Amino acid sequence: KQEVTQIPAALSVPEGENLVLNCSFTDSAIYNLQWFRQDPGKGLTSLLLIQSSQREQTSGRLNASLDKSSGRSTLYIAASQPGDSATYLCAVSMDSNYQLIWGAGTKLIIKP
Amino acid sequence: SQTIHQWPATLVQPVGSPLSLECTVEGTSNPNLYWYRQAAGRGLQLLFYSVGIGQISSEVPQNLSASRPQDRQFILSSKKLLLSDSGFYLCAGGRTYEQYFGPGTRLTVT
């Protein structure tokens, strides 16, 4: 059974720092991996989707990498800003039925 | 792009009362639709998903049910709410692996 883990559960860093969020999964036979952002009391917004054949995806200050063989993905945020404060969740898809298996998220706080 | 509409934003209901949460999709046809529940500090738990009208799959046994009476309408229901049904409910939809989420409903059962 696939399990997705995100460590740390919470992270607080000063504004301007570069940071890395981690996501690990137990079964490497994934279809793809997605990173989402959730603001308090709100729905989720998709940030990046990495297909199983890809190594990384970039969007603005965000870069997500995928190492299937080791069961890991990282989300790199460059030059962090207070507006980046949110909970970041990763999710993997195992097959073509489009269901996602979720990590518990990392709550990120960027201090001005 | 797709937009997921979900209401109400918050709901306080007594134990034993019925529940109906509605979700509608705009901007696409024949989407896969999902109902999730999120407990505080936890990941999302998939409750139901649907690949078409009248087709509902349940992931976990529970006090809830779902229906899809129209292509872009997904309803989460309960006949009698339990205290344990409290939580943050999210509707999502999409044609492929990308899922678009509604704003969520905070349900408190008292």
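For the structure, check the block above.
Cut-offs and rules
- Residues numbered from 1 in each chain as written.
- Chains lettered and ligands numbered in written order.
- Predicted model: local features only at pLDDT ≥ 70, side-chain atom pairs only at ≥ 80, totals over all residues.
- Heavy atoms only, no water.
- Helix = DSSP H or I, 4+ residues; strand = E, 2+ residues; numbered from the N terminus.
- Rg over C-alpha atoms; globule rule 2.2 N^0.38 Å.
- Buried < 20%, exposed > 50% of the residue type's maximum accessible area, 1.4 Å probe, protein only.
- Contact = heavy atoms within 4.5 Å.
- Areas by Shrake-Rupley, 256 points an atom, 1.4 Å probe, with all protein chains shown as cover.
- Lys, Arg positive; Asp, Glu negative; His and termini not counted.
- Charge placed at Lys NZ, Arg CZ, Asp CG, Glu CD.
- Pairing = 2+ DSSP bridges.
- Axes fitted to C-alpha atoms, helices over the stretch in contact; angles between N-to-C directions.
- Core = buried A, V, L, I, M, F, W, Y, C linked by side-chain atoms within 4.5 Å.
- Phe/Tyr/Trp six-rings, centres within 6.5 Å; stacked < 30°, edge-to-face > 60°.
- Salt bridge = Lys/Arg side-chain N within 4 Å of Asp/Glu carboxyl O.
- 1 Å grid on protein atoms, 1.4 Å probe; cavity = no way out; pocket = protein on both sides within 12 Å on 5 of 7 lines; lining within 4 Å.
- Points joined across faces, edges and corners; volume = space filled by probe spheres on them.
- Nonpolar A, V, L, I, M, F, W, Y, C, P; charged D, E, K, R; others polar.

### Comments concerning the overall build of chain A
Now for step 1: Secondary structure summary: chain A contains 0 helices and 11 strands in total.
Now for step 2: Along chain A, from the amino end to the carboxyl end, the secondary structure elements read β-β-β-β-β-β-β-β-β-β-β.
Now for step 3: For chain A, whose C-alpha radius of gyration is 13 Å, the value lies close to the compact-globule estimate of 13 Å for 112 residues.
Now for step 4: The principal-axis extent of the C-alpha atoms belonging to chain A is close to 40 × 30 × 20 Å.
Now for step 5: Here chain A holds 112 residues, and 42% of them are scored as buried.
Now for step 6: Counting contacts in chain A only where the partners sit at least 6 residues apart, residues at least 24 apart contribute 54% of the total.
Now for step 7: Counting every atom, chain A has about 5,300 Å² of accessible surface; 49% of that belongs to carbon and sulfur.
Now for step 8: Here chain A contributes 9 positively and 9 negatively charged side chains, and the mean placements of these two sets differ by 4 Å.

### With respect to the sheet that holds strand β7 (residues 65-70) of chain B
Residue and element names in this part refer to chain B.
Now for step 1: Spatial ordering of the open sheet is given by β1-β3-β8-β7, a layout of 4 strands whose pairing is antiparallel. Looking at strand neighbours, the two that pair on one side only are β1 (3-7) and β7, the edges of this open sheet. Averaged over all pairs of adjacent strands, the angle between strand axes in this sheet comes to 20 degrees, irrespective of strand direction.
Now for step 2: Of the strand pairs in this sheet, β7 and strand β8 (residues 73-78) are connected by 4 bridges, and their pairing is antiparallel. Its bridge partner being in β8, Ala-66 is matched across the sheet by Leu-76.

### Points about the nonpolar core
All names here are of chain A.
Now for step 1: Core analysis: the biggest nonpolar cluster contains 22 residues, and Leu-19, Phe-25, Leu-33, Trp-35, Leu-75, Ile-77 and Tyr-88 have the highest contact counts within it.
Now for step 2: Looking at this core, the elements with two or more residues in it are β3 (19-25), β4 (32-38), β5 (44-51), β7 (62-67), β8 (72-77), β9 (86-93) and β11 (106-111).
Now for step 3: When residues no more than four places from it in sequence are discounted, the contact partners of Tyr-88 are Gln-6, Leu-21, Phe-36, Arg-37, Leu-47, Leu-75, Ile-77, Gly-105, Thr-106 and Leu-108.

### Examining the environment of A:Gly103
Now for step 1: When you line up the elements, A:Gly103 lands in the loop between β10 (100-102) and β11.
Now for step 2: Overall, the relative accessible area of 0% leaves A:Gly103 in the buried class.
Now for step 3: If we ignore the near neighbours within four places in the chain, the residues touching A:Gly103 are A:Val4, A:Gln6, A:Leu89, A:Cys90 and B:Gly43.

### Some details on the packing of aromatic side chains
Now for step 1: A complete count under the given rule lists 8 aromatic pairs over all chains for this structure.
Now for step 2: Relative to B:Phe101, the ring of A:Trp102 has its centre 5.8 Å away and its plane inclined at 80 degrees; by these criteria the two rings are edge-to-face. In this pair, A:Trp102 is assigned in strand β10 and B:Phe101 in strand β10 (residues 100-101), connecting two distinct chains. B:Phe101 carries the same exposure label as A:Trp102, and that label is buried.

### Digging into the sheet that holds β3(A)
Residues and elements named next belong to chain A.
Now for step 1: Taken in spatial order, the 5 strands of this open sheet run β1-β3-β8-β7-β6, and their pairing is antiparallel. The open sheet terminates on both sides in strands that have one partner only, identified here as β1 (4-7) and β6 (56-59). In this sheet, neighbouring strand axes are inclined to one another by 15 degrees on average, regardless of whether the strands run parallel or antiparallel.
Now for step 2: Of the strand pairs in this sheet, β6 and β7 are connected by 4 bridges, and their pairing is antiparallel. By the bridge assignment, Glu-56 is partnered in β7 with Ser-65.

### Let's talk about the pattern of salt bridges
All names here are of chain A.
Now for step 1: Applying the stated criterion across every chain yields a total of 4 salt bridges over all chains.
Now for step 2: Two residues, Arg-37 and Asp-39, come together in a salt bridge whose shortest N-O distance is 3.0 Å.
Now for step 3: Look at Asp-39 and you get partly exposed, because its relative accessible area is 27%.

### Observations concerning the side chain of B:Gln13
Now for step 1: As for its position among the elements, B:Gln13 is in strand β2 (residues 10-13).
Now for step 2: For B:Gln13, the residues in contact, after removing those within four places along its chain, are B:Pro18, B:Leu81, B:Leu107, B:Thr108, B:Val109 and B:Thr110.

### A few points about the layout of surface pockets
A probe matching the size of a water molecule, rolled over the atoms, marks out where space remains unfilled.
Now for step 1: As a volume, the largest pocket reaches approximately 650 Å³.
Now for step 2: At the level of secondary structure, the elements contributing two or more residues to the lining of the largest pocket comprise β10 of chain A together with β4 (32-38) and β5 (44-52) of chain B.
Now for step 3: In terms of residue class, the lining of the largest pocket is built from 11 nonpolar, 6 polar and 6 charged.
Now for step 4: Put simply, the second largest pocket is a space of about 430 Å³.
Now for step 5: As for the second largest pocket, its lining consists of 22 residues, and the residues nearest its centre are A:Gln38, A:Thr87, A:Lys107, B:Gln38 and B:Gly41.

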